[in-house]
Amino acid sequence: QKYLPRLASGEMVSAIAMSEPAAGSDLQGIKTTALLQSDGSYLLNGSKTFITNGWHADLVVVVAKTNPAAGAKGTSLLLVERGMPGFSVGKRLKKLGLKAQDTSELFFDNVKVSADQLLGGAAMQGKGFICLMEQLPWERLQIAIGGIAAAQAAIDWTVSYVKDRKVFGQAVATFQHTRFTLAELQTEVQIAQVFVDKCTELLLLDKLDTATASMAKYWCTDLQCKVMDACVQLHGGSGFMWEYPITRAYADARVQRIYGGTNEIMKEVITRSMGLGGK
């Protein structure tokens, strides 16, 4: 009642602060702490980095250790508002792509967070990691959906470009290499789309597991980058010019294989579901 209507209307902007300088894909390794005080409040200390919406956020869901000795089972989620004493926003980070999206560092220096700002209430203390894990399949599927949509857009832009662009007196589209490359890319994107559609169906049935979502995330974002690279090549020099959408999409694509858990971590998740888990 306090936050959701204002977030839905756009009156407030929110962010979720997970990643730290030494903890990205490995959320169990976070160092930020929120220690319970005698008056029932929490004292929050630590820093976060690569936080989407961090620069503009009015409300931040901060992932912190309320019981550092308990590992993942000591993780909780706290609601921190802009302007709270000790909470500061660092510099706005300059990225390769996604330039319309703000990303920044956040710092917490003895921020006093009241007990009612523990997300889910006292019953959810120490259960923050579980909450995060429960939402990861949907997050990873969203990344896969975006990857396939971007890959299809890249193919569409490139088809249009090669029809108009002429070299050696003929359209680039008339060369067999161009046509075969685009045929291969379109086929792979179509196959990936079918898998993403299946994952979406499983999500709606509440049956999408972490391993399957990880497959979608890693496969579709790898494919996205492959398609972008090939389409930039077919654009020639124009593919390196910022004014062309394929160039901007190429820059935006690279982070897809990193955030939401790196694709290497996705493969670890998949192998564990196969009974091949490592350390």
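Coordinates for the structure precede this section.
Residues numbered from 1 in each chain as written. Predicted model: local features only at pLDDT ≥ 70, side-chain atom pairs only at ≥ 80, totals over all residues. Heavy atoms only, no water.

1. Observations regarding the overall build of the chain
When helices and strands are counted, the chain shows six helices and nine strands. Referenced to the eigenvectors of the C-alpha coordinate spread, the extents of the chain come out at roughly 80 × 45 × 35 Å. Counting over 279 residues, the chain shows a buried share of 41%. Put simply, 69% of the contacts in the chain that link residues at least 6 apart link residues at least 24 apart. Summed over all atoms, the accessible surface of the chain reaches about 15,100 Å², with 58% contributed by carbon and sulfur. (Helix = DSSP H or I, 4+ residues; strand = E, 2+ residues; numbered from the N terminus. Buried < 20%, exposed > 50% of the residue type's maximum accessible area, 1.4 Å probe, protein only. Contact = heavy atoms within 4.5 Å. Areas by Shrake-Rupley, 256 points an atom, 1.4 Å probe, with all protein chains shown as cover.)

2. Quick word on the packing of aromatic side chains
Under the counting rule described, the total for this entry stands at three aromatic pairs. Ring geometry for Phe-87 against Phe-108: centres 5.1 Å apart, planes inclined by 10°, an arrangement best described as stacked. In this pair, Phe-87 is assigned in strand β6 (residues 87–92) and Phe-108 in strand β7 (residues 103–113), connecting sequence segments 21 residues apart. Each member of the pair, Phe-87 together with Phe-108, is buried. Ring geometry for Tyr-161 and Tyr-244: centres 6.2 Å apart, planes at 85°, overall edge-to-face. With a gap of 83 residues between them, Tyr-161 in helix α2 (residues 128–164) and Tyr-244 in the loop between α4 (210–235) and α5 (245–253) connect regions that are remote in the sequence. Classification of Tyr-161 by relative accessible area gives buried; the value is 15%. (Phe/Tyr/Trp six-rings, centres within 6.5 Å; stacked < 30°, edge-to-face > 60°.)

3. Here's the deal with the environment of Thr-178
Structurally, Thr-178 can be placed in helix α3 (residues 176–204). Excluding residues that lie within four positions of it along the chain, Thr-178 makes contacts with Val-162, Val-172, Ala-173 and Leu-234. Of the polar contacts made by the side chain of Thr-178, one reaches the backbone oxygen of Val-172; its length is 3.0 Å. (Polar contact = N/O pair within 3.5 Å; in protein donor to acceptor, adjacent residues only side chain to side chain.)

4. Here's the deal with unusual backbone geometry
Phi at Phe-168 takes a positive value of approximately 50°, unusual for a residue other than glycine. Among the structural elements, Phe-168 can be located in the loop between β8 (166–167) and β9 (170–171). Among the residues examined, Phe-168 registers a relative accessible area of 80% and is labelled exposed.

5. Details of the layout of surface pockets
Here the second largest pocket is characterised by a volume of approximately 210 Å³. Forming the boundary of the second largest pocket are 14 residues, of which Leu-96, Val-232, Thr-247, Tyr-250 and Ala-251 lie nearest the centre. Across the lining of the second largest pocket, the residue classes tally to nine nonpolar, two polar and three charged. (1 Å grid on protein atoms, 1.4 Å probe; cavity = no way out; pocket = protein on both sides within 12 Å on 5 of 7 lines; lining within 4 Å. Points joined across faces, edges and corners; volume = space filled by probe spheres on them. Nonpolar A, V, L, I, M, F, W, Y, C, P; charged D, E, K, R; others polar.)

6. Digging into the side chain of Gln-117
In this structure, Gln-117 sits in the loop between β7 and α2. Separated by 2.9 Å, the side chains of Gln-117 and Tyr-3 make a polar contact.

7. A few points about the pairing of strand β3 (residues 42–52)
For a regular strand, side chains alternate in direction, first toward one face of the sheet and then toward the other. Across four bridges, strand β2 (residues 33–36) lies against β3 in antiparallel orientation. Within β3, the position partnered with Thr-33 by the bridge is Asn-45. Taken together, β2 and the strand that follows it, β3, pair antiparallel across an intervening segment of five residues, in which Gly-40 is found at a positive phi of about 95°. As paired elements, β3 and β7 share eight bridges and run antiparallel to each other. Bridged to Thr-52 within β7 is Thr-103. (Pairing = 2+ DSSP bridges.)

8. Here's the deal with the pattern of salt bridges
All chains considered together, the criterion is met by six salt bridges. A salt bridge links Lys-2 to Glu-81; the shortest N-O distance between them is 3.7 Å. Of this pair, Lys-2 sits in the segment before α1 (4–9) while Glu-81 sits in strand β5 (residues 75–81), and the two are 79 residues apart along the sequence. Residue Lys-2 is classed as partly exposed on the basis of its relative accessible area of 48%. (Salt bridge = Lys/Arg side-chain N within 4 Å of Asp/Glu carboxyl O.)

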